[in-house]
Amino acid sequence: MDLLTTLANFPNAAPLAGLDRACTWSVGPVLHFAGAVTADGSWLLQTNQRGRHDEDLARAVLAFARHHEERLVVEGRPIAAVGGFSAAGYDFDAVAATAPEVHGHHRTRNPDLTAVTYIIFPAFDTEVSGRESLEEAQARYQKMLSPAEIGREAVPFLRMRFDNPRTAGGSTNPGRALAYPQMLRQEIPQLQGAPGGFAEWENRIGEVWRVAWDGEWVLSGAEGERRGMSLDEILEFSDETLRA
C-alpha cells in the first residue's frame, strides 16, 4: 500500500505544512485528522482531534512521534509512550501510541490501512505504564483517556482492588484492575472503622501500596509499614504515588 497516495484520497486532504510526507484531512466540522508516514514508509502515524482543533499541536505530536518511532511502534506492545514532549499552551509532557488491534480505526472502509496505522496522541507521563495487556490498552484508549480531546486533563494509570466489610463494597475481579484515581480517593476514607478492610493500588511504574484501618491508618508497601498518619496524609501520599 502506498500510504501517501492513500492519504491524498481522504476527504479534504491537504499537505501538513512544516512536516514532510504528512497531511491533514477532516470529516465535517468536528473530526480533524493528521498523519505522517514513518521513515521506512511502512507505518502511518495518525493523530485525531475531536471538536477543538489545533494543527500546530498535531504537527508537534507527529514530529515528536516520528523522531521516537522506534520506541512507539513496538511489536507486541499495544500501547506505549515517550516522555519529554512539550507544546506551547498545553500541559502534555508525553506522546503515546496505540497499535492497530487497540484502536481499530479505518476497519470499516479500509481494513488494510488499519493494520499499518498507529494512533498517536498527546499524553501525560503518568498515564501509560508500557505493561498494559491488550484488553487494558483498549480500555485506556477507548474509554478512559479521551485521546482525541486536546483540552483533557491527565488520567493517571492505576490498578487497584479493595474490600470493605463495613460497606459491603469491594472488587469483583481476582486481582488489581484498572480504575480512575477518584475511585481510590473515594474508597480510602470509607475504610475508617472497618477492620479487615483494605485498598491496594499499583501505579504506572509497578509500585504497590496497601492501606487499611486497625484503630489507626496502616500503610504498607515495599519500604515496610507506616502508622500514625492522618487521613489527609494518606490521601496526599496516594496522589503522589500516581504522579510518579
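Here is a short report on the structure shown in this document. Just so you know, these numbers come straight off a predicted model, no measurement behind them.

Here Arg 21, not a glycine, exhibits a phi torsion of approximately 50°, which is positive. Within the element layout of this structure, Arg 21 appears in the loop between β1 (14-15) and β2 (22-27). Notably, His 106 is not glycine yet its phi reads approximately 75°, a positive angle. For His 106, the location among the structural elements is in the loop between α4 (100-103) and α5 (111-114).

This next bit is on a nonpolar patch on the surface. Where nonpolar side chains cluster on the molecular surface, the patch consists of Val 27, Val 30 and Leu 31 and spans about 210 Å² of accessible area. With respect to the helices, strands and loops of the structure, Val 30 is situated in the loop between β2 and β3 (31-37).

A word on the nonpolar core. Residues Leu 45, Leu 57, Leu 62, Phe 85, Val 95, Tyr 118 and Ile 120 are the most contacted members of the largest nonpolar core, which totals 26 residues. Of all the elements in the fold, those that place two or more residues in this core are β3, α2 (55-67), β6 (94-98) and β7 (117-123). With six residues, the single largest contributor to this core is α2. Among residues more than four places away in sequence, those in contact with Ile 120 are Leu 45, Gln 46, Thr 47, Asn 48, Val 61, Ala 65, Val 95, Ala 96 and Ala 97. In terms of nonpolar packing, the next biggest core, distinct from the first, is built from 19 residues, Met 160, Leu 191, Ala 199 and Val 211 among them.

This next bit is on the sheet that holds β7. Pairing is mixed across the open sheet formed by seven strands, whose spatial order is β1-β2-β3-β4-β7-β6-β5. Strands with a single pairing partner mark the edges of an open sheet, and in this sheet they are β1 and β5 (79-83). The pairing of β3 with strand β4 (residues 44-50) spans seven bridges and is classified as antiparallel. Its bridge partner lying in β4, Phe 33 is registered against Asn 48. Against the sheet, α2 contacts β2, β3, β4, β5, β6 and β7, and its axis sits at roughly 155° relative to β4.

At a minimum axis separation of 11 Å, helix α7 (residues 181-190) and helix α8 (residues 231-242) run at an interaxial angle of 160°. On the basis of their axis angle, the class for α7 and α8 is roughly antiparallel. Seen from above, α7 lies across α8 with right-handed handedness. Of the residues in α8, those in contact with Pro 181, Leu 184, Arg 185, Ile 188 and Pro 189 of α7 are Leu 231, Ile 234, Leu 235, Ser 238, Asp 239 and Leu 242. A class-by-class count of the residues in the contact of α7 with α8 yields eight nonpolar, one polar and two charged.

Moving on: the environment of Arg 204. Relative to the helices and strands, Arg 204 is located in the loop between β11 (198-202) and β12 (208-213). Separated by 113 residues in sequence, Arg 204 and Asp 91 place their C-alpha atoms 19 Å apart. Apart from the residues within four sequence positions on either side, Arg 204 is in contact with Asp 125, Thr 126, Glu 127, Val 128, Ser 129, Arg 131, Phe 157 and Ala 244. Polar side-chain contacts of Arg 204 include one of 2.8 Å to the backbone oxygen of Ala 244.

Let us now look at α2. Residues spaced three or four apart along an α-helix face the same direction, because each turn holds 3.6 residues. For α2, spanning 13 residues, the distance from its first C-alpha to its last is 18 Å, which sits close to the expected 18 Å at 1.5 Å a residue. Regarding α2, the residues found buried are Leu 57, Ala 58, Arg 59, Val 61, Leu 62, Phe 64, Ala 65 and Arg 66. In this structure, the buried side of α2 is in contact with β3, β4, α3 (69-72), β5, β6 and β7. At the N-terminal end of α2, a side-chain oxygen is found 3.0 Å from the backbone nitrogen of Asp 56, two or three residues along, and the residue is Asp 54.

Opposite charge on two side chains permits pairing when their charged atoms draw close. By the definition in use, this model includes 18 salt bridges. Its salt-bridge partner being Glu 236, residue Arg 243 comes within 3.2 Å of it at the nearest N-O pair. What makes Glu 236 partly exposed here is its relative accessible area of 37%. Put simply, Arg 131, Glu 136, Arg 159, Arg 161, Arg 176, Glu 200, Glu 202 and Arg 210 are held in one network by salt bridges that share partners.

Scanning the model with the defined rule gives one cavity of 30 Å³ or more in all. If you add up the space inside the largest cavity, you get close to 40 Å³. Looking at the largest cavity, the residues that line it are Thr 24, His 32, Phe 33, Ala 34, Thr 47, Gln 49, His 53, Glu 55 and Ala 58. When residues of the lining of the largest cavity are traced back to their parent elements, those giving at least two are β3, β4 and α2. Ranked by residues supplied to the lining of the largest cavity, first place goes to β3 with three residues. A breakdown of the residues in the lining of the largest cavity according to their chemical character gives three nonpolar, five polar and one charged.

What counts and what doesn't
Residues numbered from 1 in each chain as written. Predicted model: local features only at pLDDT ≥ 70, side-chain atom pairs only at ≥ 80, totals over all residues. Heavy atoms only, no water. Helix = DSSP H or I, 4+ residues; strand = E, 2+ residues; numbered from the N terminus. Patch = residues over 30% accessible without salt bridge, like charges linked within 9 Å, V, L, I, M, F, W, Y side chains within 5 Å. Areas by Shrake-Rupley, 256 points an atom, 1.4 Å probe, with all protein chains shown as cover. Salt bridge = Lys/Arg side-chain N within 4 Å of Asp/Glu carboxyl O. Core = buried A, V, L, I, M, F, W, Y, C linked by side-chain atoms within 4.5 Å. Buried < 20%, exposed > 50% of the residue type's maximum accessible area, 1.4 Å probe, protein only. Contact = heavy atoms within 4.5 Å. Pairing = 2+ DSSP bridges. Axes fitted to C-alpha atoms, helices over the stretch in contact; angles between N-to-C directions. Parallel < 35°, antiparallel > 145°, perpendicular 65-115°, else oblique. Left-handed = near helix turned anticlockwise from the far one by under 90°. Nonpolar A, V, L, I, M, F, W, Y, C, P; charged D, E, K, R; others polar. Polar contact = N/O pair within 3.5 Å; in protein donor to acceptor, adjacent residues only side chain to side chain. Expected span 1.5 Å × (residues − 1). 1 Å grid on protein atoms, 1.4 Å probe; cavity = no way out; pocket = protein on both sides within 12 Å on 5 of 7 lines; lining within 4 Å. Points joined across faces, edges and corners; volume = space filled by probe spheres on them.

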